[in-house]
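Here are the chains, one letter per residue:
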Amino acid sequence: MGYLASSRCRLFYEDTAEHDPALMDKPAVLFVNGWAISSRYWKPLTELLGKDFRCITYDQSGTGRTLIKGHKPSFTIDGFADEAAELIEHLGLHSSRNLHIVGHSMGGMVATELCMRYQKALLSATITACGIFEETAFTSLGLFFLGGLIDVSMQFRNIFQVEPLRSLFIKRAAAKEIGREYSDIIIEDFTQSDRDATNAVGKFSIDPEALRAYTTHVIAIASPVLCCVGMEDHTIPPEGTITLFERRKARSKAPTSLARFMSLGHLPMLEDTAGYGGVLKKHFDFAEQFYKKTPGEIQPCEQYMIP
């Protein structure tokens, strides 16, 4: 673990190769966090994947152990991508095609921007619970009210530390039990994250223009892309991720897969670490083979359905 100093922040990160130098020769996986959460929730997954992959996690500006006091970071997709880009280059992950990028929730938008910047280094992209929606008057109204809900939740977020609201908050995020340790982490991160950062991220995650750009960039990724979704997700409607998959499948020549976890919610990495990790590993292995063989030699499994 360590800190990377930049004009935005002192970025906290963890790199499993620091503890096991043999991992320096393994494919690297960069995990990009969701809204108002630190990187701690990736730990069970990085422990699962740690023998085969070099895993890098970090706390975005405004969350966890990253320090922004004395800095004035911009809380935008480009701004968050800038700090992750500095980490990618600091660790030398930009110099060869050896990088998988995994984005969760809002982190899917940042991850997609990183994929566009590092196409020559990218082996694969994985987008989990970060969908798109058809632009209609109904969805526009829904996003308007969701924006208002974000404002309210930021004003009164400490109430989620108290029962029964605490349990209701966790149940909205996870359809299956994630244990007390990670329930505490989810609540602590949400209530202690920087207010300006959390509010800004919540807003750009539902901004129509940002979502249009996100869709365009997902389609443009030339490496294999996996879309993952928990079908019991009550935080972000799962239909949005399915729509994203279908849009890319129809318009991109690059491999695209969809994994539907039928009984999971917004946090598959905690709800079913083994199942989610197994799908990621299959995707990573496919992507590595994709770049070793000529186009047409191998075909991805386009859809997974995990009970």
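Predicted model only: the values in this text are computed from it and were never measured.

A. Main features of the layout of surface pockets. If you add up the space inside the second largest pocket, you get close to 390 Å³. Lining the second largest pocket are 19 residues, with E14, T16, K43, T46 and E47 sitting closest to its centre. The set of elements that each furnish at least two residues to the lining of the second largest pocket consists of strand 2 (10–15), helix 1 (43–49), strand 4 (54–58) and helix 6 (179–192). Residue composition of the lining of the second largest pocket, by class: five nonpolar, six polar and eight charged.

B. Main features of unusual backbone geometry. Residue A36 is not a glycine yet carries a positive backbone phi of 55 degrees. Tracing the chain through its elements places A36 in the loop between strand 3 (28–32) and helix 1.

C. Fine view of the sheet that holds strand 5 (residues 99–104). Strands sit in the order 1-2-4-3-5-6-7-8-9 across an open sheet of nine strands; the sheet is mixed. Looking at the sheet topology across the chains shown, the edges are occupied by strand 1 (2–5) and strand 9 (303–306). Across the sheet, the mean angle from the axis of one strand to that of its neighbour is 20 degrees, orientation sign disregarded. Across three bridges, the pairing between strand 3 and strand 4 is parallel. Following the sheet pairing, A28 is matched in strand 4 by R54. On the sheet, helix 11 (residues 273–292) packs against strand 3, strand 5, strand 6 (122–128), strand 7 (225–230), strand 8 (256–261) and strand 9 and is oriented at approximately 150 degrees with respect to strand 6.

D. View of the packing of helix 8 (residues 208–220) against helix 9 (residues 239–251). Direction vectors running N to C along helix 8 and helix 9 enclose 50 degrees, while the axes themselves pass 9 Å from each other. Overall, the two elements helix 8 and helix 9 adopt an arrangement that is oblique. Where helix 8 crosses over helix 9, the two elements pack in a sense that is right-handed. Contacts between helix 8 and helix 9 involve Y214, T215, V218 and I219 from the former and L244, R247, R248 and R251 from the latter. Of the residues belonging to the contact of helix 8 with helix 9, the class tally is four nonpolar, one polar and three charged.

E. View of the state of the cysteines. Per the counting criterion, the structure on display carries zero disulfides. Between C130, a cysteine without a disulfide, and C227, which holds the nearest cysteine sulfur, the sulfur-to-sulfur distance is 9.6 Å. Just so you know, C228 is unpaired, no disulfide at all, and the nearest cysteine sulfur is the one on C227, 7.7 Å from it.

F. Region of the structure containing the side chain of T241. Structurally, the position occupied by T241 is in helix 9. Beyond its immediate sequence surroundings of up to four residues, T241 is in contact with A129, C130, G131, I132, C227, C228 and V229.

G. Examining the packing of helix 2 (residues 77–90) against helix 3 (residues 107–117) more closely. At a minimum axis distance of 9 Å, the contact between helix 2 and helix 3 shows a crossing angle of 55 degrees. When the axes of helix 2 and helix 3 are compared, the pair comes out oblique. When the axes of helix 2 and helix 3 are compared, the crossing they make is right-handed. Here helix 2 contributes I77, D78, F80, A81, D82, A84, A85 and I88 to the contact with helix 3, which in turn contributes M109, V110, E113, L114 and R117. When its residues are assigned to classes, the contact of helix 2 with helix 3 shows nine nonpolar, no polar and four charged.

H. Summary view of the packing of aromatic side chains. Enumeration over the complete set of coordinates arrives at eleven aromatic pairs. Look at F80 and F204: their rings are 6.2 Å apart centre to centre, the planes differ by 55 degrees, and that puts the pair in the tilted class. One end of the pair, F80, is in helix 2; the other, F204, is in helix 7 (residues 195–204), and 124 residues separate them in sequence. For the residue pair F80 and F204, the accessibility class agrees, reading buried in each case. When the ring of F290 is compared with that of Y291, the centres are 5.0 Å apart and the planes differ by 85 degrees; the resulting orientation is edge-to-face. The structure contains a cluster of three or more aromatic residues connected by ring pairs, namely F31, Y41 and W42.

What counts and how
Residues numbered from 1 in each chain as written. Predicted model: local features only at pLDDT ≥ 70, side-chain atom pairs only at ≥ 80, totals over all residues. Heavy atoms only, no water. 1 Å grid on protein atoms, 1.4 Å probe; cavity = no way out; pocket = protein on both sides within 12 Å on 5 of 7 lines; lining within 4 Å. Points joined across faces, edges and corners; volume = space filled by probe spheres on them. Helix = DSSP H or I, 4+ residues; strand = E, 2+ residues; numbered from the N terminus. Nonpolar A, V, L, I, M, F, W, Y, C, P; charged D, E, K, R; others polar. Pairing = 2+ DSSP bridges. Axes fitted to C-alpha atoms, helices over the stretch in contact; angles between N-to-C directions. Contact = heavy atoms within 4.5 Å. Parallel < 35°, antiparallel > 145°, perpendicular 65-115°, else oblique. Left-handed = near helix turned anticlockwise from the far one by under 90°. Disulfide = S-S within 2.5 Å. Phe/Tyr/Trp six-rings, centres within 6.5 Å; stacked < 30°, edge-to-face > 60°. Buried < 20%, exposed > 50% of the residue type's maximum accessible area, 1.4 Å probe, protein only.

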